[in-house]
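Here's the letter readout for the chains.
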Amino acid sequence: FSAVIIAVLALGIGANTAMFSLIDAVLWKPLPFPEPHRMVRLWEIPGENLHNGATTLTFLDWKHQVDVFAALSVELPTTAGVSTGADPVRVEKGELVSASFFQVFGINAQLGRTFAANEDQPGAAPVVVISYAMWQSRFGADRNILNRDITLDSEPNRIIGVLPAGSFDHKSAQFWKPLIFAPEQMTRGAHWISAVGRLQEGVTLEQANAKLAILRHSLDKEMPKFAKDWTFRAEPYAWMLVGDNLRQSVYAGFGAVLMVLLIACANVANMLLAQGAARQKEMALRAALGASRGRLMLQLLTESWVLCLVGGSAGVAFAYALLKAATPLMAPYLPFTADLHIDGRVLAFAVVVAMLVTILAGLLPARLTGTLHQSARGVTAANSLTRRMIVVGEVALSVVLLTGAALLFKSLTNLQRLDAGVRIDHVITMSTALPLASYPKPENATTFYHGLMARVRALPGIEQASISQDLPMQGVRGGELFYIPGREDNIVVRFKRVDPNYFSVLDIPVLSGRPITERDRANTAKVVVINQVLKRLLSSKYGIGDPVGRTFRMTAPGYGKGDGVGAGLQVIGVIRNESTGDLQEPLDPVVYVPLDQYPREDFRILARTAQDPTAVVSGIREAVQQLDPKLGLADIRTMEEVKQRNLTWAKQPSWLIGAFAVVAAFLAALGLYGVLSHAVIQQRREIGIRMALGATTGKVLSRVLRNAFMLVAVGLAIGVGGALAVTRLMKALLFQVSPLDPAALAVAVVSMMAVGLLAGFLPANRASKVDPITTLREE
């Protein structure tokens, strides 16, 4: 009896404790930096609910003309090839920052120092600060690491500091380098950097935004035409760490786990009531010996408290195991400040939950069992009615959870079936980057592309290969302005560099015109292929029915540190839409330009294979190193893995709430089984008499199943009403599914009905096998 109660409580309290740890780390706990309320992120704002990065000159204006910041820094992700003496390694997680970056976060080095004020200025020696994790993994925690050189992209960088272990070390970056602005980057055209800052002590966010508004007004004449209506804004740093999808998923999971806890409490209460019915003679004897009603209730509550205390302790251990298993899986999708572990706040929550469980699960059984003012028959009737009501509540809560799970799984199925516009089977992808020190000019990069593709396509098992800056379903970095001839209007488009084989590797058909071909080189006319979304937009908004052959002007990013410039581009073709970002989001207008005409130092290789895509990785790595032994590969994934990662926001709440729904249904079935089993035991004499008077086995079986059906039916009715109310809150998590979807509701109802009847069949079957002669002799 005690073991079952402790196991049920451990499940309910443990799941809640683990979920509280997650929601506390992600949403509630203050950032792990000194005075986190002073930390802000700065944006250029194009419009309502839109955020954009900053231009170089805007950032410098914020830094030098606004006096509300104690420190201000850029923050730009980067990658680097690290030479280790063996195979080169591509480190995907690095950042280019201003010298004051670590002042913004209030972080000092554990070894050495962070950046000095002049180390982000032109002519400064190349230096680097590394993370504690990188120091441990790549340098064996060597305390003599300072002032040694590490080669990043063929350039030696002096290691000047190692960051301390702790919350900041959970950031995705492994190294930090100063970002030194090049003269060609001093413009207001390219919004390419993120800005973070720390407010001066005593300065409020409102005061900072007032100063930024004054600065923005003073820059009216300097802003480009497209940004005339843009504003500047500072927002709390914590706001942008958690996206809406993650926030909604966490809250949905927390709501689900609270329902599981309520069902666990109901089960415990049910078991205690069953035990109380068997202890009525004991309670009567204690009362006869002088125990008051309050004393009896206190004894029973104490017993409940001991069970809850042990169950709570087991629950904390269960929560620890859950977090340890889940953290590696969840870490890539959580903000870097989310440190999942059992701390004092989590333990306090577990204690509070255990106390509430004691009250919820123990008080009602204690009141009924300790009530001696009624007859034994009256107490038994009240006990039985209460237990049945509890089962009804368990079934209702289970229906709500099952409905939510069915909605989420249907939404996930819709996303899985969604056509991304590309063929992803047997395609593998990986990234690398050309160090600008070794490839300073665009023609150096294009020569490398051609040599690499010739080698890769010749590898056995590879059917076709391509190079692109960005992958489908993974987002396109930045946007450019696409100008309409004869008008000042422009369209913000996604700018995607691809080589001539990109469309064939991913099986993207050309609907009109022609694709990018080998003849579209750096010294030929600039051309562009557009997608259907952009074609429709040009037709509906500007009356351009057939854009093929038309020339448009567009801003375009340069190579390396070069700034983008306006260019005239002829549309040569229209292709079928491909999903460039999240699958559930509307498709963007996209332009595709030849990689030869707009080369990029960092790029991705895509290869379609005849068999297992992972089998060709070693051959591609060797082809890369034949051209440049210092280059390494990183982020090696199949396109199917890219798609599944894109769906993570939908899969995580689906599986989480689905698991809780299964647990809830199991606990509800357990409660129903307990009630009916107890009823059969109490009615054995009645059943024996009925069978002695001619009742058949089928009638006895149907009578008990009818009782089970009535309990389940009432619970289903209440649960359906609850589901219709609660699932409306899940609307933001659903894709092409109504929160009131009848199919999902039907799945939940039928599933719970089947579980309930199965739970009722076992005691019904036992009742049907009662021997009337044996029963009557016992009486």
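Look up: the structure comes first, before these words.
Residues numbered from 1 in each chain as written. Predicted model: local features only at pLDDT ≥ 70, side-chain atom pairs only at ≥ 80, totals over all residues. Heavy atoms only, no water.

Engineer: Help me out: how do you make sense of the nonpolar core in this one?
Structural biologist: Core analysis: the biggest nonpolar cluster contains 96 residues, and Phe105 and Phe115 have the highest contact counts within it. Counting 27 residues, the second largest nonpolar core, distinct from the first, contains Leu42, Trp62, Leu199 and Leu212. (Core = buried A, V, L, I, M, F, W, Y, C linked by side-chain atoms within 4.5 Å. Buried < 20%, exposed > 50% of the residue type's maximum accessible area, 1.4 Å probe, protein only.)

Engineer: In this structure, what is going on with the pattern of salt bridges? I would like to understand it.
Structural biologist: Between side chains of opposite charge, pairing is possible as soon as their charged atoms come close. All chains considered together, the criterion is met by 25 salt bridges. Between Arg41 and Glu75 there is a salt bridge; the shortest N-O distance is 3.7 Å. With Arg41 in strand β1 (residues 39–45) and Glu75 in strand β2 (residues 69–82), this residue pair connects regions lying 34 residues apart in the sequence. On the basis of relative accessible area, Arg41 is assigned to the buried category, the value being 11%. (Salt bridge = Lys/Arg side-chain N within 4 Å of Asp/Glu carboxyl O. Helix = DSSP H or I, 4+ residues; strand = E, 2+ residues; numbered from the N terminus.)

Engineer: Hey, could you run me through the pairing of strand β11 (residues 427–433) in this one?
Structural biologist: On any regular strand, side chains alternate: one points to one face of the sheet, the next to the other face. Along β11, seven of the seven residues are buried, which leaves the element largely enclosed by surrounding structure. With burial as the criterion, each face of β11 is covered, one bearing Val427, Thr429, Ser431 and Ala433 and the other bearing Ile428, Met430 and Thr432. Strand direction decides the pairing type here: β11 and strand β20 (residues 602–609), joined by seven bridges, are antiparallel. Of the residues in β20, the one forming a bridge with Thr432 is Phe603. One ladder, built from three bridges, connects β11 with strand β21 (residues 634–638); its direction is antiparallel. (Pairing = 2+ DSSP bridges.)

Engineer: Is there a simple way to think about the side chain of Glu601 in this case?
Structural biologist: Secondary-structure assignment places Glu601 in the loop between β19 (590–594) and β20. Within the buried set, Glu601 has no salt-bridge partner at all; the shortest N-O distance to an opposite charge, 4.1 Å, is to Arg600. Filtering out sequence-adjacent residues up to four positions away, Glu601 remains in contact with Thr432, Ala433, Leu434, Leu436, Tyr449, Tyr559 and Gly560. (Lys, Arg positive; Asp, Glu negative; His and termini not counted. Contact = heavy atoms within 4.5 Å.)

Engineer: Explain the pairing of strand β16 (residues 527–531) to me, please; I cannot follow it from the model alone.
Structural biologist: With respect to burial, β16 is a largely interior element, five of its five residues being buried. Neither face of β16 is left uncovered, since the one carrying Val527, Val529 and Asn531 and the one carrying Val528 and Ile530 both have all their residues buried. Across two bridges, the pairing between β16 and β19 is antiparallel. Among the inter-strand pairings, Ile530 is bridged to a residue of β19, identified as Val591.

Engineer: For this particular structure, what's the right way to read the packing of aromatic side chains?
Structural biologist: This structure, assessed with the given rule, holds 20 aromatic pairs. When the centroid spacing of 5.6 Å and the interplanar angle of 65° are considered together, the rings of Tyr132 and Trp135 count as edge-to-face. Here Tyr132 and its partner Trp135 are both found in helix α4 (residues 132–139), three residues apart, which amounts to about one turn of the helix. Relative accessible area serves as the criterion here: at 22%, Tyr132 is assigned to the partly exposed category. The class for Trp135 is buried, based on a relative accessible area of 3%. Put simply, the rings of Phe33, Phe101, Phe102, Phe105, Phe115, Trp176 and Tyr237 pair up and form one aromatic cluster. One residue, Arg553, lies across the ring of Tyr483, its end atom 4.1 Å from the ring centre. (Phe/Tyr/Trp six-rings, centres within 6.5 Å; stacked < 30°, edge-to-face > 60°. Lys NZ or Arg CZ within 6 Å of the ring centre and 35° of its normal.)

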